[in-house]
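Structural overview
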Amino acid sequence: MSTDWLNHHHGHAHSPVHRMPAVLKLGAALAIIIGTVIAPLQWTGWFVGVGAVLGISILLSRLPLIFLLKRLLVLSPFVLGVTLVNAFQPSARFQWQAVALKSGLCLLTVILVSNTTPFGQILRVLKLVRVPMLLITTIALMHRYLFVLVDEAERMRRARLSRTFVPSRGFHWRSLATVVGQLFIRASERAERIYDAMCARGWK
Amino acid sequence: MHIPDGFIDGKTALVTGALSATGVALALRRVKRELPPRKIPLLGLAAAFLFAAQMVNFPVAGGTSGHLIGGALVAALLGPSAAVVVVTTVLIVQCFLFADGGVTALGANIFNMAIINSVGGYIIYQPISRWLGGIRGRVTALAFAGWCAAVIAAIACAGQLAWSGTVDWSVGFPAMAGTHMLIGIGEGLISALVFLAISRTRPEMIADTSEQSRRGMGVIGYGLLLSLGVAIFIAPFTCRWPDGLEHVATKLGFEHKATPSLIHAPVADYRIPGMTWAVGATAIAGVLGSLIVFAFAFLLGRMLVPKKAPEPANS
Amino acid sequence: MTAAIEIANLKYRYHDGTEALRGITFQVAAGECVALLGPNGSGKSTLLLHLNGILPDKPANDASVKVLGETLSTRNLEAIRREVGLLFQDPDDQLFCPTVGEDVAFGPQQLELGDAEVARRVKTSLAQVGLADFAHRATHHLSHGEKRRVCLAGVLACEPGILVLDEPTSDLDPRGRREFKDLLRKIPATKLIATHDLELAVELCSRAIILDRGAVVADGVTAELLDDEELMLAHGLERPHILRHRHPH
């Protein structure tokens, strides 16, 4: 399966949106998201305004629309289920259209910001708002080694497929567990080597 | 069960945010105290592992996570506090980088998947694994705990959705609990199998980590948080099931004092006709289900770990 | 003249009891470039990890490893790590920061050099490895060769007098390998290079030590050792083509 979607569109780091300082972007995004969630549906002005801001930002950012649409339309079964239930529920305080609208606007905001801001800058903003160092380090390391581990997992999966001739259910689960277990072991060993590398350059 | 923005309302977001922040702060403090410096990078790598394992083996379009969480597994491997930090990290990265899970819903998602799933799972795992003993005991305990953790997290999620008025409890609870009683089977099974695979290749990794978690796990702190969570998101709704209880309460003049006024469910008395039975049925299914799942977990343990398997030194 | 590195009867056992190093003895003089050769499993990486005190888990204090005349002990571990720059085999293990600039800055920051000096060192080291405008690049998106060079920059930024490299050219394409070789040639530090790349050994290192099953089996002039076909084959190596054909490269 393709892991291409993992790669972001930071490539065009030339648009004004890309260049905007991360603190501003994240602050504005947060304000938009919180506002949208809290605002009652009657405040149409708010929603129109947010829509306009997002629309302009998308145009300025030069992110491909198809890319955005694809990200936006990915719906998990959970989301689908909840929306459906809500639609058939006379008692719900929010109708499904309201939920969908709010959700969509917030989603768009996050997709926009995350694709125009290098992750390192996001981390710096987290540090600014006093997120504990241990958590920031863990997030940084996760992001750094995400792709490494996904690659390893993908290679193991392909190797497993190459040697799977009889698709039996039980075998599938057992070999899956072996691969996942192996992934953890490798991750664990790599963590130790990283620690050694940190010490080698003077980490206390 | 990553809740997106807009599905839970402001007050729910605030309350869950406060609970999660407390829980994560607690976990971070414990990890700093108990985890040897050598293992600090392991937190980040374990988070990357969870993500990679979820994503590559259960490919779901475009990056929304598969349904498995993995909190109980990580708790069994690294201890409950480390698990909280690890799963929180995964959720934060998923939220900001992949828009999987809303920003305002982060508090709820962390509470459900990092705290309830990991700590709750561990609370169930630890005593059972101790009681049964050996690798077989751990595998059994993890299979069961994985299932329970998935179900309980789902119930809390339903509670939050109901509290926000998005999905009525009488529909949400049966739906979430019901689906996760099924999904939980996968969670429990995979957690147990992966744990077993690791213990077979690297038994010292298993022995290593469980040693740490024995040094007490902040029972009071976590216990309080979990109880609060249950009190806020589950109890007010469960108080509505037993018609009989209400009846008794009226008789004794307690009716309006039954539900604390502080925690006031928004859709007070409306019930979707015909759905109340579903709530009761789900509750019963849950109880029966847990017994059945435990029995299966026990059999699984027996099947996977033959009696002659070499037991690690400190089981 | 104090040797840069002095190893005397170094022994090491893995956790499962297998002997990894069985009494290793050799010296490296200041400014020398020595190749450490041997088949897989001979203990090369394990030996290298002893040079900056990562192994053994607790410093032995028994003078089996001396760097610049100082016995490795818990007290001088930090000072030793400042002097010995270790380049790990897998650049992904060593490149753990989100951006190139941050990673190269890691070492100098640990040395508490102050922001201005750290920035200067980052700039100089990146320029040294030919990646002058890479400071803002994300580490996970680099090519393998680029990762190796950033790792080298990160080590050079600490300005160590001794460079210890574990398989620096493995997994590099021919151009990457040539570029890296040229980079190494220009660095004046004392160098100990564990490698399977026999051509690299001949081109860069005046002296070679052959390790097999945890013991030193040969120590001498690179060209002479590597030309000894019997010796090479006996220890899982071979005579490199560069000597076979005697072309001036």
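Preceding this section is the structure that the text describes.
First, a word on scope: everything that follows refers to the structure included in this document. Everything numeric in this text was worked out from a predicted model, so none of it was measured. (Residues numbered from 1 in each chain as written. Chains lettered and ligands numbered in written order. Predicted model: local features only at pLDDT ≥ 70, side-chain atom pairs only at ≥ 80, totals over all residues. Heavy atoms only, no water.)

1. Remarks on the overall build of chain A
- Secondary structure summary: chain A contains nine helices and zero strands in total.
- Order of helices (α) and strands (β) in chain A, N terminus to C terminus: α-α-α-α-α-α-α-α-α.
- Counting across all 204 residues of chain A, residues that qualify as buried make up 50%.
- For chain A, restricting intrachain contacts to residue pairs at least 6 apart in sequence, the fraction spanning at least 24 positions comes to 69%.
- If you sum the accessible surface of chain A, you get close to 10,200 Å²; carbon and sulfur atoms cover 69% of it. (Helix = DSSP H or I, 4+ residues; strand = E, 2+ residues; numbered from the N terminus. Buried < 20%, exposed > 50% of the residue type's maximum accessible area, 1.4 Å probe, protein only. Contact = heavy atoms within 4.5 Å. Areas by Shrake-Rupley, 256 points an atom, 1.4 Å probe, with all protein chains shown as cover.)

2. Concerning the sheet that holds strand β5 (residues 70-71) of chain C
Residue and element names in this part refer to chain C.
- Taken in spatial order, the four strands make up an open sheet running β2-β1-β4-β5, and their pairing is antiparallel. Of all strands in the sheet, those bounded by a partner on one side alone are β2 (19-28) and β5.
- With two bridges connecting them, strand β4 (residues 65-67) and β5 associate as antiparallel partners. Across the sheet, lysine 66 pairs through a bridge with threonine 71, a residue of β5. (Pairing = 2+ DSSP bridges.)

3. Section: the packing of helix α4 (residues 80-98) of chain B against helix α5 (residues 106-132) of chain B
Residues and elements named next belong to chain B.
- One can describe the packing of α4 onto α5 by two numbers: an axis separation of 9 Å at closest approach and a directional angle of 155°. As summarised for this structure, α4 and α5 are arranged roughly antiparallel, according to the angle between their axes. Note on packing geometry: the crossing formed by α4 with α5 is right-handed. In this structure, α4 contributes Pro80, Ala83, Val84, Val87, Thr88, Leu91, Ile92, Cys95 and Phe96 to the contact, and α5 contributes Leu106, Asn109, Ile110, Met113, Ala114, Ile115, Ser118, Val119 and Tyr122.
- Broken down by class, the residue content of the contact of α4 with α5 amounts to 15 nonpolar, three polar and no charged. (Axes fitted to C-alpha atoms, helices over the stretch in contact; angles between N-to-C directions. Parallel < 35°, antiparallel > 145°, perpendicular 65-115°, else oblique. Left-handed = near helix turned anticlockwise from the far one by under 90°. Nonpolar A, V, L, I, M, F, W, Y, C, P; charged D, E, K, R; others polar.)

4. Section: helix α3 (residues 44-61) of chain A
Residues and elements named next belong to chain A.
- An ideal rise of 1.5 Å per residue puts 26 Å on 18 residues; α3 measures up with 26 Å between its terminal C-alpha atoms.
- Restricting attention to buried positions, one finds in α3 the residues Phe47, Val50, Leu54, Ser57, Ile58 and Ser61. Looking straight down α3, one finds that the buried residues subtend no more than 100° of arc, so they occupy a single side. Opposite its buried face, α3 presents the exposed residues Thr44, Gly45, Val48, Ile56 and Leu59, each directed more than 90 degrees away.
- Positioned one or two residues after α3, arginine 62 has a phi angle of 60°, which is positive. (Expected span 1.5 Å × (residues − 1). Arc of directions from axis to C-beta.)

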